[in-house]
Each structure stands twice: as C-alpha cells, then as structure tokens.
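Read off the chains here:
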Amino acid sequence: MAENKNTMQLYEKKILSDEEFPIQMFLNQIRKKGRYFQVHWHEHIELHYVLDGVTKFHINQNTIYAKRGDLVVINSNELHEGISETKKMDACVIIFEMEAFSYELTHQNIIFQTLIEKDEELKRMILGIYQENDQKRLGYKLAAKGMLLQLITYLSRNYAVQILSQSANSKRKRNLERLNTVIQYIQEHYTEPITNAQLAEHIHLSEDRFNHLFKESLGISPLHYMNEIRLKKAAYLLKKTELTISEAAIAVGFQDFNHFGRQFRKLYGCSPSEFRKQK
C-alpha cells in the first residue's frame, strides 16, 4: 500500500468553482482526541464556530483553545492545524475568499482577531448561513451570500486587529511559498542525510536566515521537523509492511537504532515494537 506523497505539503489550493456561491461549508464532527487536520496554509479565510467540545489550533506560532460558542478566524496565508481536545468536537466551518465578496476589503489586507468568544451576533449570522446552506430552499445561495457579507462587515468593524501593507502581505506569502518548497524537498529526500545548509541553499537563503524563518513559522527547528517526518514514515511502515524495526529505521533515514528508538518513544509514547502490536 503506497502512502500519499502529498500529505506533507503545506500549501492547500482550495477551489471554489461555483461563482454564484463561492463558499465552502461543512460540519466537522470529530469523535476522538487528536489532530484532525495537518498543518497547512491557503489564501482563503477559514472560520471555525465551535458547537460542542474543545478544540486546539496551532496558528503560526500561537496556540488557541476554543470551546462551545467560540469562533476561530484563520486569516489568509497563516499556517494552521487542528487538534481535538475532547472525544467529541463539532464545529461549523465556513471557507471563503475575500476577493469574491469585497474588492475594497481585499486590498486592505485585514488581519482579523483569531479567537472571538461568545459573540451572540456572530452566532446568529453563522448559524443562519449554515441553516440556509443545509436546507437549500429556493434562493438559499443569495440568502447565504447576503448573510456572509453582513458577517464580513461585522468582523471588519469589530474584530480587525491589523492592516498589512501590500509589501508585508506579499512577504508573508513569499515566506510560506519558500517553506512549502522546503517541505516538498524534505518529503522527497527524507531517506538521505539532509543538512540545514542544503535546505537554506535550496531556497537561496543564508543558513541563519533560513533557520530563523523555519522556526518562526513552524515553531520547531528544521532537524526536529525532519525527524518527525521520518518517524511518521517509520510508523506507517511498521503498521503497513512486514519490514523489521531495524529495516524500517534504515528505510526512513536513521542509521543509529538507539537514537531511532529514543526519538520514536518520545513522539509516540511507546517503543516501535509496542507500537506495532497496537491495533
């Protein structure tokens, strides 16, 4: 069984193909603790309104906890991942591109407040949009778009915390694109010895600047990140193949078996052999 090679890429291109309804909506129903989507970024704005349970988001270097009645706003060009803190977590998710709704606000490059707690007006609008989309009565697209326009205006007037210059916004996106290039390179070469200097050269940065950018964006060092990828690949091999533990370690780029065992236990809380026995 082959593993999807694209799972480690940071950039996610969302395609909202319906010009009449450029909104993606769904209900996230999580029924176990743990990560429910991997770290990634995109140009769209993503809203998570928590209906039940507690969820944790890593957004750039910040950790955000959200509970029932809270809204999490993931701005465009922000690295983010979601982790459920409870066995049951439900959230209404709305994804849209500002450009499809407001030329004026698109070019303002507004950064919205990330966590908004228990705002009844936001609750009314978000649940109204979700209800229109769910029931799909005549004119639902027009009604939902109208409510989303109200929501965008409300957020802009009450929860705009920063307006980026065009150059700052471009720099932000360029740095994410550089990181995506690095992640793809690691994904393709993780079985080989890789140095920070190689990665820095790959995106035409000094080693110091590269290390700073990587840690600033992902919160961990490049070596830490590479080891996590190798360990996750090893875990996949232990579950899906008949390779021995030492063969799996070598296959993902570890030469020191003791170091592999220590790092594996640190990430998964058990030894490779114990992990293999788990269902």
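Everything below is about the structure printed above this text.
Residues numbered from 1 in each chain as written. Predicted model: local features only at pLDDT ≥ 70, side-chain atom pairs only at ≥ 80, totals over all residues. Heavy atoms only, no water.

Engineer: Is there a simple way to think about the environment of Y36 in this case?
Structural biologist: Structurally, Y36 can be placed in strand β2 (residues 34-40). Taking the C-alpha atoms as reference points, Y36 and T55, 19 residues apart in sequence, are found 9.9 Å from one another. Once residues lying within four places of it in the same chain are set aside, the contact partners of Y36 are N28, I30, T55, F57, G82, I83, S84 and M89. Looking at Y36, its side chain comes within polar contact range of the side chain of T55, at 2.8 Å. (Helix = DSSP H or I, 4+ residues; strand = E, 2+ residues; numbered from the N terminus. Contact = heavy atoms within 4.5 Å. Polar contact = N/O pair within 3.5 Å; in protein donor to acceptor, adjacent residues only side chain to side chain.)

Engineer: Would you mind showing me how to read the packing of aromatic side chains here?
Structural biologist: To describe a pair of aromatic rings, you give the distance between the ring centres and the angle between the ring planes. Applying the stated criterion to the full structure yields 12 aromatic pairs. Note on Y154 and Y159: the rings are 6.3 Å apart at their centroids and 55° apart in plane angle, and the pair reads as tilted. Relative accessible area serves as the criterion here: at 23%, Y154 is assigned to the partly exposed category. Note on Y159: relative accessible area 15%, which makes it buried. Every member of this aromatic cluster is reached through a ring pair, and the members are F254, F260, F264, Y268 and F275. Lying across the ring of F275, K239 places its NZ or CZ 4.9 Å from the centre. (Phe/Tyr/Trp six-rings, centres within 6.5 Å; stacked < 30°, edge-to-face > 60°. Buried < 20%, exposed > 50% of the residue type's maximum accessible area, 1.4 Å probe, protein only. Lys NZ or Arg CZ within 6 Å of the ring centre and 35° of its normal.)

Engineer: What's the story with the sheet that holds strand β6 (residues 70-74) in this structure? I'm lost.
Structural biologist: Remark on secondary structure: sheet strands pair via backbone hydrogen bonds, oriented parallel or antiparallel. Read across the open sheet, the 5 strands follow the order β1-β8-β3-β6-β10; overall the sheet is antiparallel. On the outer flanks of this sheet lie β1 (23-30) and β10 (115-117), each paired with one strand and no other. Sheet twist, expressed as the average angle between the axes of neighbouring strands with direction ignored, equals 20°. Examined bridge by bridge, β6 and β10 share 3 bridges and lie antiparallel to one another. Paired with D70 across the strands is E117, a residue of β10. (Pairing = 2+ DSSP bridges. Axes fitted to C-alpha atoms, helices over the stretch in contact; angles between N-to-C directions.)

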